[in-house]
Amino acid sequence: PVYLFAQADIHFSQFYETSILRNPALTGVFANDYKLGVYYRNQWSSISNPYNTVLVSAETHLNVRETSEDFVSFGLLGYYDKAGSIDEKITSVYPAINYNKSINPDHNTFLSFGFTGGYLQYSFDPGKATFNNQYLNGRFNVYNPTMENLPNAKMNVWDLGAGINFNTSTGEGNNVTYVIGVSGYHFTQPKFSYY
């Protein structure tokens, strides 16, 4: 059998616009009280069944206590990705939490640690699939037996991501900002197969 790994991400070129997918340590790192986002992408529309992706995210942060510049952030991200003639879909939900330690409030210097755990479902419509056995004498017939056994049209996996981020400002009026971070996803690396 052919095995797939959960690191197959959505077919979406704007992932850098969503802090939870880019680095969980960026969750809630913004000036306002909350942030909402809705993203839609229709890619490669010249093919018969293009990639369609919808992503929704929400984030907020709360001060740890009134006398502290530290804050805890919470976020939630969900997406739906569909493509191809057999309607291959990836659907997921990622809650995230982040702790932001203030090091120097005068220069917006923070060290952040973030985590996210996602639930993903991969699926396709086996009724829309075609197989070599359905071609006889060079002609396709939907009623010919496929001779295939595809019991796993839906697979569910758990995902885990984490990140760390350091940001600070410098210069006259803090007009230069540095952001340095690293993150990783798919630490669980589950195996699953459509066969």
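Residues numbered from 1 in each chain as written. Predicted model: local features only at pLDDT ≥ 70, side-chain atom pairs only at ≥ 80, totals over all residues. Heavy atoms only, no water.

S.K.: Go over the sheet that holds strand β10 (residues 176–184), please, and point to the residues and values.
M.R.: Either a parallel or an antiparallel arrangement is found when strands of a sheet pair, and the pairing is made through backbone hydrogen bonds. Pairing is antiparallel in the open sheet, where seven strands are placed in the order β2-β3-β4-β5-β6-β9-β10. Looking along the sheet, the strands with just one partner apiece sit at the ends: β2 (34–43) and β10. Sheet twist, expressed as the mean angle between neighbouring strand axes with direction ignored, is 15°. Two strands pair when backbone bridges link them, and strand β3 (residues 51–63) and strand β4 (residues 71–83) are joined in this way by twelve bridges, in the antiparallel orientation. Its bridge partner being in β4, Thr-60 is matched across the sheet by Phe-74. (Pairing = 2+ DSSP bridges. Helix = DSSP H or I, 4+ residues; strand = E, 2+ residues; numbered from the N terminus. Axes fitted to C-alpha atoms, helices over the stretch in contact; angles between N-to-C directions.)

S.K.: Account for the pairing of strand β9 (residues 154–170), with residues named and values stated.
M.R.: Successive side chains on a regular strand alternate, one facing one side of the sheet and the next facing the other. In this sheet, β9 lies alongside strand β6 (residues 109–123) in antiparallel orientation, the contact comprising 14 bridges. Bridged to Gly-117 within β9 is Leu-160. Linkage of β9 to β10, two consecutive antiparallel strands, is achieved through a turn of five residues, within which Gly-171 is found at a positive phi near 90°.

S.K.: Talk me through the packing of aromatic side chains; I want residue IDs and the actual numbers.
M.R.: Under the defined criterion, the tally for this structure stands at five aromatic pairs. Note on Tyr-79 and Tyr-94: the rings are 6.3 Å apart at their centroids and 25° apart in plane angle, and the pair reads as stacked. Placement of Tyr-79 in strand β4 and of Tyr-94 in strand β5 (residues 88–104) is noted, with a sequence separation of 15 residues between them. There is no split in this pair, since Tyr-79 and Tyr-94 are both buried. Taken together, Tyr-79, Tyr-94 and Tyr-185 form an aromatic cluster joined through their ring pairs. (Phe/Tyr/Trp six-rings, centres within 6.5 Å; stacked < 30°, edge-to-face > 60°. Buried < 20%, exposed > 50% of the residue type's maximum accessible area, 1.4 Å probe, protein only.)

S.K.: Tell me about the nonpolar core, and please be specific about residues and values.
M.R.: Residues Leu-77, Tyr-79, Tyr-94 and Leu-120 are the most contacted members of the largest nonpolar core, which totals 13 residues. Where this core is concerned, the elements lending two or more residues are α1 (19–22), β4, β5 and β6. The leading source of residues in this core is β5, at three residues. If near-sequence neighbours (up to four positions away) are discounted, Leu-120 is found in contact with Tyr-79, Ile-90, Thr-91, Ser-92, Tyr-94, Met-155, Asn-156, Val-157 and Asp-159. (Core = buried A, V, L, I, M, F, W, Y, C linked by side-chain atoms within 4.5 Å. Contact = heavy atoms within 4.5 Å.)

S.K.: Mind laying out the confidence of the model for the protein, listing which residues take part and the relevant values?
M.R.: Taken as a whole, the protein shows an average pLDDT of 86; of its residues, 89% reach a score of 70 or greater. Ranking the elements of the protein by mean pLDDT puts strand β1 (residues 4–5) last, at 46, and β5 first, at 94. For residues 1–7, every residue scores under 50 in pLDDT, and the model assigns this stretch 23 contacts once sequence neighbours within four places are set aside. (pLDDT = per-residue confidence, 0-100.)

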